[in-house]
Amino acid sequence: MVFRERTYSVLIACAASGITEAVKSLLRPSEFWPVADVRSAGEARRELLQRAYDLVIVNAPLPDEFGTRLAVDTSSSGSSGVLLLVRKDSEDEVYAAVMESGVLVLSKPCSSQLMSQTIRTLCTLRERVRMIEEKQLTIDEKIGEMRTVNHAKWLLIERLGMTEAQAQHHIEKRAMDERLPRRDIAWQIIKTYET
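Scoring rules and cut-offs
- Residues numbered from 1 in each chain as written.
- Predicted model: local features only at pLDDT ≥ 70, side-chain atom pairs only at ≥ 80, totals over all residues.
- Heavy atoms only, no water.
- Buried < 20%, exposed > 50% of the residue type's maximum accessible area, 1.4 Å probe, protein only.
- Helix = DSSP H or I, 4+ residues; strand = E, 2+ residues; numbered from the N terminus.
- Right-handed = clockwise from strand over helix to strand, strands pointing away.
- Pairing = 2+ DSSP bridges.
- Salt bridge = Lys/Arg side-chain N within 4 Å of Asp/Glu carboxyl O.
- Phe/Tyr/Trp six-rings, centres within 6.5 Å; stacked < 30°, edge-to-face > 60°.

1. With respect to the pairing of strand β4 (residues 81-87)
- Among the seven residues of β4, six are classified as buried, and the element is accordingly described as predominantly covered.
- Note on the crossover from strand β3 (residues 55-59) through helix α3 (residues 68-77) to β4: the handedness is right-handed.
- Both β4 and strand β5 (residues 104-108) contribute to a ladder of five bridges, which runs parallel. For leucine 84, the partnering residue across the bridge sits in β5 and is valine 105.

Given below as C-alpha cells:
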C-alpha cells in the first residue's frame with residue numbers, strides 16, 4: 001500500500017445497490033474517504049449542494065434521469081472528477097455528448113481492474129485540477145496585492161505629492177523597515193488617507 005497524504009471524497013449515484021457495493025469495495029478507506037452514495041440524480045444534486053466531492057461516479061440510468069445531465073453539470077460547475085458508467089450499446093453516443101465537459105465514460109459491465117484503473121485516472125485528473133486551482137489562487141492573490149499597492153501609491157501621489165517612483169520606493173522601504181508585506185503597508189496607507 002502506498003501512503004497518501006490526501007484522501008479523495010467520493011459520491012456514487014447509482015440506483016442498483018449491488019453495483020454501489022461493488023464500486024465501494026474498490027475504494028480503500030486509506031485512499032477514499034468519505035464515500036457517500038445516493039439513488040437518484042435529485043439526491044446527488046442535493047448532496048453536491050451540501051458538500052464538494054473530489055470524485056463523482058454516476059451509474060446510468062438513474063430513476064429520475066439518465067445521468068448524462070448530472071455528469072455534465074457536475075463536471076462543468078466544479079472541480080470534481082466525474083465518471084459515467086453506461087451500457088455498451090450507448091457508450092459512443094454518451095461519450096460524444098459528455099466528452100467536451102471532461103466526463104470520463106466507461107461501458108459496463110467492466111472488470112474490477114478496469115474500474116480501478118479508471119478511478120486512478122480520475123484521481124490523477126483531480127490532482128491536475130487541484131494544481132491549476134492553486135496556481136490560479138496564487139495569481140489572484142498577486143493581482144490583489146498589485147491593486148492594493150497601486151491604490152496606496154495613488155493616495156501617496158495625490159495626498160503627499162510624491163511621484164509614482166517615490167511612492168513605490170516609500171512603500172517598499174516601509175515594508176522592509178517594518179518587516180511586513182507590501183500589501184500590509186499599502187493597507188495602512190489606505191486606512192490613513194481614506195478615513
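2. Some details on the pattern of salt bridges
- A complete count under the given rule lists 19 salt bridges for this structure.
- The shortest N-O distance in the salt bridge between glutamate 164 and lysine 153 comes to 3.3 Å. Residue glutamate 164 is located in helix α6 (residues 164-178), and its partner lysine 153 is located in helix α5 (residues 112-160); the two are separated by eleven residues in the primary sequence.
- Each of Arg6, Asp54, Arg126, Glu127, Arg130 and Glu133 takes part in a single network of salt bridges with overlapping partners.

3. Remarks on the packing of aromatic side chains
- For the structure shown, the criterion picks out one aromatic pair.
- Their ring planes at 40° and their centres at 6.1 Å tell us that tyrosine 8 and phenylalanine 32 sit as a pair that is tilted. Of this pair, tyrosine 8 sits in strand β1 (residues 8-13) while phenylalanine 32 sits in strand β2 (residues 32-38), and the two are 24 residues apart along the sequence.
- Taking relative accessible area as the criterion, phenylalanine 32 reaches 6% and is therefore assigned buried.

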